[in-house]
Amino acid sequence: MQDSLEIPAHLNQMLDPYELVDPLREASPVCRVRNAEGLDAWMITRHADVVRVLTDARFSVDSRNAAVTARQTIEATHSRTVESFADSILATDPPEHTWIRKAVARGLTPNRLRELRVFITETIEQLLARLDGATQFDLVADFASPLSLQVSAHLMGVPTDDLPQLARWSYDLMLMPKDQSARTTADAGMAQLEDYFRALIERHSPHANHDLLATLIAARDAGEITPAQLLATAKFVFVAAHDTTGALISATMFHVLRQNGALNSLVSDPRLISNAIEECLRFDTPVPLPVTFFATENVTLGGVTIAAGDQVFAAIGAANRDPRVVETPAEFHIQREHPAHLSFGLGIHYCLGAQLARLEASAALEALIEHHPHLRLAVPAHKVPWRPTVTRVLHALPVVSSPPYE
Ligand code: HEM
């Protein structure tokens, strides 16, 4: 057994998670780690190995497959947030996973996406109208965050009036459990979000509504999914849809604005916008360390034996920067064609919202750049704050929009 490497409670929260995972990928690609909460795991950092973990059925997402000692640590350290997602689509193995996935997919059909596209365009126009004439604004608070929240609410059938409190609870529940106070805040956020969705499910009619929540309720009524899976998955999709997509929109603009001439290239050739989004997904994904797996039997990976019951972190962010699959991986290039990345996962849990996220991000950036072709960062890049949350999200992105003649 290797000695354990001490790592922070969660990589995503590090200002630069790549400082830790880049050297690991070369020196110890299947590395025994112990996080600040005392949780032992294997950190997998090479692209080919991460693909293996994401696609090999011997790795389960269900924490009941953890070894007894690991399970005790998980139970002692995990917040309510983690527990309350345990019945969600992301933490369920087949055969139940297949049923939940089918139900969620029914709420994301091409017709539904077309209807969402109209809503997305209208919402973007409204948000940009409010910024008309503004010379300085916060691209997170004034644009990316309200857009992604409203789209997620529309997708799920959540009333818009409830969004301010839902935004607060989702922010709280994503807080890193780095001390007792953060854990208490996160737990309270989750409890409130759970109560909210429980009440919404009670009064939401699958006959009168055509949103994703109505689809999930119909699946419960048909006996395809359990009430616990309905509640956990509804909460999960609401949070997963807005937090990550908002993060992608602001992070793409951040990396574009950090680079001389990149915005001009997008203005003169808007087709490059989707390249920039894919490159941001590769270079700085909102979810660099998403999924925890548990080996259900002994598995050898990179010459190392992972024992049944061991916990495994598939470091997607590290895999995205593996020089074995991408040239100059530590550089952000908007010209890069189809950058290979695993930011939406792979295999049976591949992100069901990937198409929606791409659609929303490209519509947002196209319109933003058209309205504000002369944006620049209002503070030095190293002063732009990141949130202390489980996902990698900018806390704010202050920008200056100057008129064309300046
Ligand atoms: C930039 C935006 C997004 C990123 C980076 C992202 C990333 C991910 C990742 C890494 C996974 C796990 C995949 C795996 O384990 O193989 C996932 C799963 C999932 N995502 Fe996303 N996601 C995004 C947006 C969305 C949106 C907009 C929705 C809304 C519908 C969504 C819904 C889901 C669902 C339902 C799953 C679970 C799929 C399953 O377990 O079968 N995601 N996402």
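So, a few notes on the structure that sits alongside this text.

Rules used throughout
- Residues numbered from 1 in each chain as written.
- Predicted model: local features only at pLDDT ≥ 70, side-chain atom pairs only at ≥ 80, totals over all residues.
- Heavy atoms only, no water.
- Core = buried A, V, L, I, M, F, W, Y, C linked by side-chain atoms within 4.5 Å.
- Buried < 20%, exposed > 50% of the residue type's maximum accessible area, 1.4 Å probe, protein only.
- Helix = DSSP H or I, 4+ residues; strand = E, 2+ residues; numbered from the N terminus.
- Donors = N, O, S within 2.8 Å, 3.2 Å for Na, K, Ca; no water.
- Pairing = 2+ DSSP bridges.
- Contact = heavy atoms within 4.5 Å.
- Axes fitted to C-alpha atoms, helices over the stretch in contact; angles between N-to-C directions.
- Phe/Tyr/Trp six-rings, centres within 6.5 Å; stacked < 30°, edge-to-face > 60°.
- Lys NZ or Arg CZ within 6 Å of the ring centre and 35° of its normal.
- Near = heavy atom within 4 Å.
- Polar contact = N/O pair within 3.5 Å; in protein donor to acceptor, adjacent residues only side chain to side chain.
- Nonpolar A, V, L, I, M, F, W, Y, C, P; charged D, E, K, R; others polar.
- Salt bridge = Lys/Arg side-chain N within 4 Å of Asp/Glu carboxyl O.
- Parallel < 35°, antiparallel > 145°, perpendicular 65-115°, else oblique.
- Left-handed = near helix turned anticlockwise from the far one by under 90°.

## A closer look at the nonpolar core
Side chains of nonpolar character tend, in soluble globular proteins, to be buried together. In this structure, Phe238, Met253 and Leu397 are the most contacted members of the largest nonpolar core, which totals 87 residues. Sort the elements by how many residues they give to this core and helix H11 (residues 227–258) lands first, with 14 residues. Counting residues in each nonpolar core, the second largest holds 20 residues, with Trp42, Ile44, Val61 and Ile316 among its members.

## Here's the deal with the coordination of the iron atom of the ligand
Geometry reference: four tetrahedral donors at a metal, ideal angle 109.5 degrees. Six octahedral donors, ideal angles 90 or 180 degrees. Its sole protein donor being Cys351 (SG), the iron atom of the ligand sits 2.3 Å from that atom. For Cys351, the location among the structural elements is in the loop between helix H14 (316–319) and helix H15 (354–371).

## Digging into the sheet that holds strand E4 (residues 59–60)
Taken in spatial order, the six strands of this open sheet run E1-E2-E3-E9-E6-E4, and their pairing is mixed. Bordering the open sheet on either side are strand E1 (5–7) and E4, each of which pairs with just one other strand. With two bridges connecting them, E4 and strand E6 (residues 292–295) associate as antiparallel partners. Looking at the pairing, Ser60 lines up with Phe294 of E6. Relative to strand E9 (residues 311–314), helix H2 (residues 47–55) is tilted by about 120°, and along the sheet it contacts strand E2 (30–35), strand E3 (40–44), E4, E6 and E9.

## Let's talk about the packing of aromatic side chains
In total, this model carries six aromatic pairs according to the counting rule given. With a centroid separation of 6.1 Å and 85° between ring planes, the pair formed by Phe254 and Trp386 is classed as edge-to-face. Here Trp386 lies in the loop between strand E10 (375–377) and strand E11 (398–401) and Phe254 lies in helix H11, a separation of 132 residues in the sequence. The exposure class of Phe254 is buried, given its relative accessible area of 5%. Residues Phe344 and Tyr350 carry aromatic rings whose centres are separated by 6.4 Å and whose planes lie at 65° to one another, so their mutual orientation is edge-to-face. Among the residues examined, Tyr350 registers a relative accessible area of 29% and is labelled partly exposed. Through a chain of ring-to-ring contacts, the aromatic side chains of Trp169, Tyr196, Phe197 and Phe238 assemble into a single cluster. Arg321 extends its terminal NZ or CZ atom over the ring of Phe283, reaching a point 4.2 Å from the ring centre.

## Structural notes on the pairing of E2
The buried count for E2 comes to five of six residues, which makes it a mostly enclosed element. Sheet topology places E1 next to E2; three bridges connect them, and they run parallel. Bridge pairing in E2 places Leu5 opposite Val33. Remark: four residues form the turn of the hairpin made by E2 and E3, two consecutive strands paired antiparallel; Gly38 in that turn has positive phi of roughly 85°.

## Things to note about the pairing of E6
Within a regular strand, the side chains alternate between the two sheet faces. Where E6 lies against E9, three bridges are found, and the strand directions are antiparallel. Across the sheet, the residue bridging to Thr292 is Phe313, located in E9.

## Thoughts on the site of the ligand
Every one of the 27 residues lining the ligand counts as a neighbour, but His97, Arg101, Leu346, His349 and Cys351 are closest to it. Contact distances for the ligand include 2.7 Å between an oxygen atom and a side-chain N or O atom of His97. Ile348 places a main-chain nitrogen or oxygen 3.5 Å from an oxygen atom of the ligand. The dominant element in the shell around the ligand, judged by the number of residues it contributes, is H11, at seven residues. Looking at the shell around the ligand residue by residue, the class counts come to 19 nonpolar, seven polar and one charged.

## Things to note about the side chain of Ser88
In this structure, Ser88 sits in the loop between helix H4 (80–84) and helix H5 (96–106). The contact partners of Ser88, leaving out residues within four places of it in the chain, are Ala232, Thr233 and Phe236.

## Regarding the pattern of salt bridges
Here the structure, examined in full by the defined rule, presents 21 salt bridges. Glu194 is paired through a salt bridge with Arg198; the nearest N and O atoms lie 3.1 Å apart. Within this pair, Glu194 and its partner Arg198 are both found in helix H9 (residues 180–203), separated by four residues, close to a single helical turn. Among the residues examined, Glu194 registers a relative accessible area of 11% and is labelled buried. Among the residues examined, Arg198 registers a relative accessible area of 40% and is labelled partly exposed. For Glu278, the salt bridge goes to Arg358, with nearest N and O atoms at 2.7 Å. With Glu278 in helix H13 (residues 272–283) and Arg358 in helix H15, this residue pair connects regions lying 80 residues apart in the sequence.

## A few points about the packing of H9 against H11
Viewed as axis vectors pointing N to C, H9 and H11 meet at an angle of 115°, and their least axial separation amounts to 10 Å. As far as their axial angle goes, H11 and H9 are roughly perpendicular. In this structure, H9 meets H11 at a crossing whose hand is right-handed. Seen from H9, the contacting residues are Met190, Leu193, Glu194, Phe197, Arg198 and Ile201; seen from H11, they are Leu230, Leu231, Ala234, Lys235, Phe238 and Val239.

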